[in-house]
Every structure is written in structure tokens, then in C-alpha cells.
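# An overview of the molecular structure
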Amino acid sequence: MAQQEDVFKKIVAHAKEYGFVFQSSEIYDGLAAVYDYGQNGVELKNNIKRYWWDAMTLLHENIVGIDSAIFMHPTIWKASGHVDAFNDPLIDNRDSKKRYRADVLIEDQIAKYEDKINKEVAKAAKRFGESFDEAMFRQTNPRVLEHQAKRDALHQRYSDAMNANDLAELKQIIVDEGIVCPISGTKNWTDVRQFNLMFKTEMGSTADGSMTVYLRPETAQGIFVNYLNVQKTGRMRLPFGIAQIGKAFRNEIVARQFIFRMREFEQMEMQFFVRPGEELKWFKQWKEWRLKWHKALGLGDQKYRYHDHEKLAHYANAATDIEFLMPFGFKEVEGIHSRTNFDLSQHEKFSGKNIKYFDPELNESYVPYVIETSIGVDRMFLSVLCSSYEEQALENGEKRVVLHLPEALAPVKCAVMPLVRKDGLPDKAREIVNELKFDFATHYDEKDSIGKRYRRQDAIGTPFCITVDHQTLDDNTVTLRERDSMEQTRVNVADLHKLIHDRVSLTSLLRKLG
Ligand code: GAP
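Described in the following lines is the structure provided in the data block. Since this is a predicted model, take the numbers as computed values, not measurements.

Summing up its helical and strand segments, the protein chain has 18 helices and 23 strands in all. Each of the three principal axes of the protein chain carries a C-alpha extent, and together these read 80 × 70 × 55 Å. When each of the 514 residues of the protein chain is scored for burial, the buried share is 49%. Here the contacts in the protein chain between residues at least 6 apart in sequence split such that 65% fall between residues at least 24 apart. When the accessible surface of the protein chain is summed, it comes to about 25,700 Å², and 49% of that surface belongs to carbon and sulfur atoms. With 72 positive and 77 negative side-chain charges, the protein chain shows a spacing of 2 Å between the two charge centroids.

With that settled, consider the pairing of strand β18 (residues 399–403). In the sheet, strand β17 (residues 389–393) pairs with β18 via five bridges, with the strands oriented antiparallel. Following the sheet pairing, Ala-393 is matched in β18 by Lys-399. What sits between the antiparallel neighbours β17 and β18 is a turn of five residues, in which Gly-397 has the positive phi angle 90 degrees.

This brings us to the pattern of salt bridges. Applying the stated rule across the entire model yields 42 salt bridges. Across the pair Asp-103 and Arg-101 runs a salt bridge whose closest N-O atoms are separated by 2.8 Å. An identical accessibility class is assigned to Asp-103 and Arg-101; each is buried. Measuring nitrogen to oxygen at the nearest pair gives 3.2 Å for the salt bridge that ties Glu-120 to Arg-143. Of this pair, Glu-120 sits in helix α5 (residues 102–128) while Arg-143 sits in helix α7 (residues 142–163), and the two are 23 residues apart along the sequence. Among the residues examined, Arg-143 registers a relative accessible area of 46% and is labelled partly exposed. If you follow the salt bridges from partner to partner, you end up with Glu-398, Arg-400, Arg-455, Asp-458 and Arg-481 in one network.

Here we come to the sheet that holds strand β21 (residues 464–468). One open sheet accounts for five strands, arranged β20-β19-β21-β22-β23; its pairing is mixed. Strand pairing shows two members of the sheet lacking a second neighbour, β20 (442–444) and β23 (488–492), which therefore form its edges. Recorded for the sheet is a direction-independent mean angle of 25 degrees between the axes of neighbouring strands. Across the sheet, helix α15 (residues 450–460) lies against β19 (414–418), β20, β21, β22 (477–482) and β23, angled at about 170 degrees from β19, the strand it touches most.

Attention shifts here to the pairing of β21. Counting buried positions along β21 gives five out of five residues, so the element sits mostly inside the fold. What you see with β21 is no split at all: Phe-464, Ile-466 and Val-468 on one side and Cys-465 and Thr-467 on the other are buried throughout. Alignment of β21 against β22, held across four bridges, turns out to be antiparallel. Bridging from a neighbouring strand, Phe-464 pairs with Glu-482 of β22.

Turning our attention to the environment of Thr-233. Of note, Thr-233 is situated in helix α10 (residues 227–233). A polar contact is formed between the side chain of Thr-233 and the backbone oxygen of Asn-229, at a distance of 2.6 Å.

An ideal rise of 1.5 Å per residue puts 39 Å on 27 residues; α5 measures up with 40 Å between its terminal C-alpha atoms. Listing the buried residues of α5 in full gives Ala-102, Asp-103, Val-104, Leu-105, Ile-106, Gln-109, Ile-110, Tyr-113, Ile-117, Glu-120, Val-121 and Ala-124. Buried residues along α5 sit in contact with β4 (87–92), β5 (99–101), α6 (134–140), α7 and α8 (167–176).

Let us look at the packing of helix α2 (residues 39–57) against helix α11 (residues 279–295). Interhelical geometry of α2 versus α11 gives an angle of 145 degrees and a closest axis separation of 12 Å. Two packed elements cross with a definite hand, and for α2 against α11 that hand is right-handed. Contacts between α2 and α11 involve Ile-48, Tyr-51, Trp-52, Ala-55 and Met-56 from the former and Trp-286, Arg-290 and Trp-293 from the latter. Residue composition of the contact of α2 with α11, by class: seven nonpolar, no polar and one charged.

The next point concerns the packing of aromatic side chains. As enumerated under the stated definition, the model contains 19 aromatic pairs in all. Here Phe-8 and Phe-258 contribute two aromatic rings whose centre-to-centre distance is 6.5 Å and whose plane-to-plane angle is 75 degrees, an arrangement assigned as edge-to-face. Of this pair, Phe-8 sits in helix α1 (residues 2–17) while Phe-258 sits in the loop between β9 (240–249) and β10 (264–274), and the two are 250 residues apart along the sequence. Each member of the pair, Phe-8 as well as Phe-258, carries the same accessibility label: buried. Ring geometry for Tyr-51 against Trp-293: centres 4.5 Å apart, planes inclined by 15 degrees, an arrangement best described as stacked. Here the residue Tyr-51 occupies a position in helix α2, and Trp-293 occupies one in helix α11, the gap between them amounting to 242 residues. Of the two residues examined, Tyr-51 and Trp-293, each falls in the buried class. Ring-pair connections join several aromatic residues into one group, and the members of that group are Phe-8, Tyr-35, Phe-258, Phe-260 and Phe-328.

The rules behind these values
- Residues numbered from 1 in each chain as written.
- Predicted model: local features only at pLDDT ≥ 70, side-chain atom pairs only at ≥ 80, totals over all residues.
- Heavy atoms only, no water.
- Helix = DSSP H or I, 4+ residues; strand = E, 2+ residues; numbered from the N terminus.
- Buried < 20%, exposed > 50% of the residue type's maximum accessible area, 1.4 Å probe, protein only.
- Contact = heavy atoms within 4.5 Å.
- Areas by Shrake-Rupley, 256 points an atom, 1.4 Å probe, with all protein chains shown as cover.
- Lys, Arg positive; Asp, Glu negative; His and termini not counted.
- Charge placed at Lys NZ, Arg CZ, Asp CG, Glu CD.
- Pairing = 2+ DSSP bridges.
- Salt bridge = Lys/Arg side-chain N within 4 Å of Asp/Glu carboxyl O.
- Axes fitted to C-alpha atoms, helices over the stretch in contact; angles between N-to-C directions.
- Polar contact = N/O pair within 3.5 Å; in protein donor to acceptor, adjacent residues only side chain to side chain.
- Expected span 1.5 Å × (residues − 1).
- Left-handed = near helix turned anticlockwise from the far one by under 90°.
- Nonpolar A, V, L, I, M, F, W, Y, C, P; charged D, E, K, R; others polar.
- Phe/Tyr/Trp six-rings, centres within 6.5 Å; stacked < 30°, edge-to-face > 60°.

As C-alpha cells, this is what we get:
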């Protein structure tokens, strides 16, 4: 685990050093949980968004996109339940003056019992060697059983308190478990309070006062309130979907793990409107389609798993997360929810407008049911970055850091390098750049030794390096070096475009989705 933490620290440092992600407002000592994307980060991010957008809108003729405003009428957030229930329970330590999420403190405590169990198992496995029967050990070892009993009891008490929204009980659990503040080391806790995660601001300035509006905490509501506009103007028939990519804002109390939990982030959401009664069929279908989208990137099938929700929100009748193996464990990257007709019905009630769909085949009107797929761009970015990063020891004793990014997502597709800065090689290299740059993000690099230039491109994940040498001037061939294998082949300049296109175009990725 400690080793994984080290790797994660290196990835964060690498993201900064190579222009992927910077701390926001860094010269003012930063703004917590807010990040900026640099020159390479923005390209990788745009490519991820393009992959998602094209997979939704090109491959499904019944899915269209929209781009709704971040500000919306405040009653939308009343209708959706966010004003009353989009809360985290928080607690302060009076000595350190630090604020924590009470649920996170308790979940960390549950994880400590889990750690203790795992340590006992690891110790025993070492002691007994090959003859070790882990299942038997877990069922019979008194210390393991004791930790398990404590963990299960705590888990039950915590779930009950959360479900009952019992804040006094959450505080009591923290006291009973003897949980201390990681900064002050004391148990001097305040009561637990609910904290709404939406950012508020004021709009307009009239004599009657301005209006309180919210920065949207999800993009989905912009889709719900536009569903009938799109259906009517696009003459859509059920089932159909609306996709949107955009910023969302949450005043997260505990912001951890770099860009995993941010206060300003981006979502890619799609609401799929279906006939009542058909929602579970479509939920199953979207579960499969979304995992296929992830796996097509080739980051490793074993790094994904579904986490089906046992406890469902009152408006959902099925929900699952797609989790990805980050250096800090399996974590949610995407949520797929069958949200019934809750949101649309609420908007009908709060707006007083009829937003039913008329189904010409059934000759009746109803409020459609909705399957939602919701993925965080930044979390997707983090999963791609983490699984691509490798420190490689080379045969010649040197080391290189390489990002094995999916080629279609790489910020730079190819770098063109004259071997030396004379004899007309730079001009020839520029000529090649001027051919390729219309279709591919192409770098020209003539500084430093060729080895150093290759390393720089490896570090940002450029799939191809093209080297122009003296032979190029004679026979119009160059060396094409591949990032992952480092293999170099001699190819004709006229063939470059096709060779690169076949590997780096999004089309090749989209084709895998069928
Ligand atoms: N409309 C449904 C919805 O917003 P969610 O599970 O709260 O559901 C969906 O969020 C996705 O948005 C998550 O799976 C995650 O990828 C991303 N996300 C949520 N909160 C985030 C945060 N604070 N920072 C970065 N990404 C976040």
C-alpha cells in the first residue's frame, strides 16, 4: 500500500512536470480541490470527451447532445431534492479547527478493522507458507473473528444512523470508537451538522433584492428540464437519449486524492428516456455498453468492476457504479442509475407544466422513465493517467518514464525530429510537420540529443516519433519509432499519414464498440 502511495505521488508530480495538471492559483498558494489543466492535460481531456461524445451521439442514432447553462432557475434544485437533501454530515475538531465529514471518519475507522484483519491474514500466510488455508483461518482465528465482529457491528450502527439521518448517533459513534482528529490527536469534537454541498451566489440586483442561484452540482437537471424541447424540436420517439458534457460544482468538505474529488469538475451525463416498465431492460443494456466503452481503451479488463447498490435512493429502482482500480484502490468512476420518473414528475409538479410524452404507438401520454449514465471527466482522466504511467528499466541500464496512453487519447500523436540542426534536415522535418499537422497534433523538436527528445515524448505519451536523417534527403524515408516497443522501422514519408491514422484515430476505438 505504501508503495502504491509512492507511485501515486510520482504520478501527481509527473502530471505537473509535464503540463498535464496544475494546482489552481498556485502562485497564491493554491485553492484547495481546484485544479487547472495544462497544455497536455487539456488535449488528453478533450480527447476523452470526444471519445465519449462520439460514442454517444455518432453510434446511437437516437441520442442527441445539448449544452445547457450552469445557472438554472433555483426551483429546479428544490424540485430535484438538492436544496433539502444534497448534504454531507460534518463535524469540527475544536483544537485543530479542522472540519471533517463524519461519515468519512467512521468509514476510515471501518477500514482500520479491515486492515487489522488483513495484517493477521498476511502474518499467518507468511508463517504457514504453502499449507495456509486462508478461508479456514478467517473463519476460525479468534483475533480475526474479534475484529470482524467489531467491524460488522460498527458498519450496522453506521448504516442505521445514516439511513435514519440521525446526526446525534453519528457523533456518538465517533465518541464510542475513540476516533481522534488526525491533526490535533484529540477527541474534542463539536456536534455533527448537515452541510449542503451546493455553492450559492446572487443574480441581478433589483429593488426587491437579488435572487439566490446555485452553481449546478450535476449537469443532469439541465437535461431533464429540456427533455420536451428536444423531443418536440427533434421529433424524437421513445426510447431516446440526451447527452451533455459540462462543469459541475460541489463544496466538498473532504477533498482528497488529487483530481479524484474536486470542488469544480466536469461530468459527461446521458439521460435515456424509456417507456415505463422497460427501464430495467435498458438499465442492463447500458450497464453492458458503458463497461464495453471503458474496456475498449485497453487499460486492462481486470481493473474494472461493477458495484451494484444494495441500498437504493428512494427514487431509483436499480443502480450500479463502474469502479476502476486506482493506486488507492477500486473507486467509482461512473454511475449508472435507473431513476424511474422521479425527476420529471418533480419538475411537472414544481413547474405546474404538463411535461408528459405522447406515445403515438400506445396512443397515450405518460412521464417517461429514465436511465442515467454519469461519468466524471476528471476521474476518467485520472484512471487513464494512473494506468498508463510506467517507470521502465531499459536494457542499456538507463531508465525511462513512459505514459502508455491509449493512442487515440494521447495529447500529441507524433513528433518530428531532424537528427541534426543542419544540412537541410530541419527544413525537411518542417515539410513533414506541415503535411501531418492538419490531421494530427504534431510536435517539431530539434533541441538536445535524439535520446533526450525521445524521452520527452515518452513522458507525455506520444505514440510516434519520426526522425529525419541524411538518408531522408536521398530516398524520402524516415525512421518511425513506436513509444511502447521503442522499435524503429524505416518508412516512406508518403506512407506516414496512413500508418499514423490507422493507429491514432478515434474511429479505430469507436469501431471496437460496434
Ligand atoms: N447525476 C448523477 C450524479 O451526479 P454522482 O455519483 O454524484 O451522480 C457522477 O456523480 C460522477 O461524477 C461520479 O461517478 C464521478 O465520476 C463524478 N464526480 C462526482 N463528484 C465528483 C467530485 N467531487 N470530483 C470529481 N468528480 C466527481
